[in-house]
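# Report on the structure
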Amino acid sequence: GASIQQVRTKAGTANWVAPETWSIGVIAYLLLSGKHPFTGKTVEQAQKVKTANFVTEGKHWKGVLADGKGCVQALQKIPM
């Protein structure tokens, strides 16, 4: 099995990391809004990812139905 160190090793980028469900949420966010959910410098961006700090309001989201927003929000919850 994987050691604790292997599990904690960073892989991917702030916008594209596992678990897969969360990554699907990032892709859905990108497809629906046309922009990445987490922006900023690397450290800022990592903190936003850790806390699932993203918005589904504003000009990029005007034409998106509440169901689409809810789906993105549900997919981007950080699993415990």
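Quick note: structure is the one above.
Residues numbered from 1 in each chain as written. Predicted model: local features only at pLDDT ≥ 70, side-chain atom pairs only at ≥ 80, totals over all residues. Heavy atoms only, no water.

## Focus: the overall build of the protein
Going by this rule: Where helices and strands are cited, they refer to DSSP runs of H or I of at least four residues and of E of at least two residues respectively, numbered from the N terminus. Accessible area is worked out with a 1.4 Å probe on protein chains only. A residue is then buried under 20% of its type maximum, exposed over 50%, and partly exposed in between. Pairs of residues are marked as contacts when any of their non-hydrogen atoms sit within 4.5 Å.
For the protein, the helix and strand inventory stands at four helices and zero strands. For the protein, the succession of helices and strands along the chain, N to C, is α-α-α-α. Among the 80 residues that make up the protein, the fraction classed as buried is 26%. The long-range fraction of contacts in the protein, counting pairs at least 24 apart against all pairs at least 6 apart in sequence, stands at 49%.

## Focus on the side chain of Lys69
The residue Lys69 is located in helix H4 (residues 66-75) in this model. Dropping the residues within four chain positions of it, Lys69 is found in contact with Thr56, Glu57, Trp61 and Val64.

## Thoughts on the pattern of salt bridges
What counts is decided by this rule: The salt bridge definition used is simple: a Lys or Arg side-chain nitrogen within 4 Å of an Asp or Glu carboxyl oxygen.
This model, assessed by the stated rule, comprises one salt bridge. A salt bridge links Lys69 to Glu57; the shortest N-O distance between them is 3.8 Å. Pair noted here: Lys69 is in helix H4 and Glu57 is in the loop between helix H3 (42-50) and H4, with a separation of 12 residues, a long-range link. According to the relative accessible area criterion, Glu57 is exposed, its value standing at 57%.

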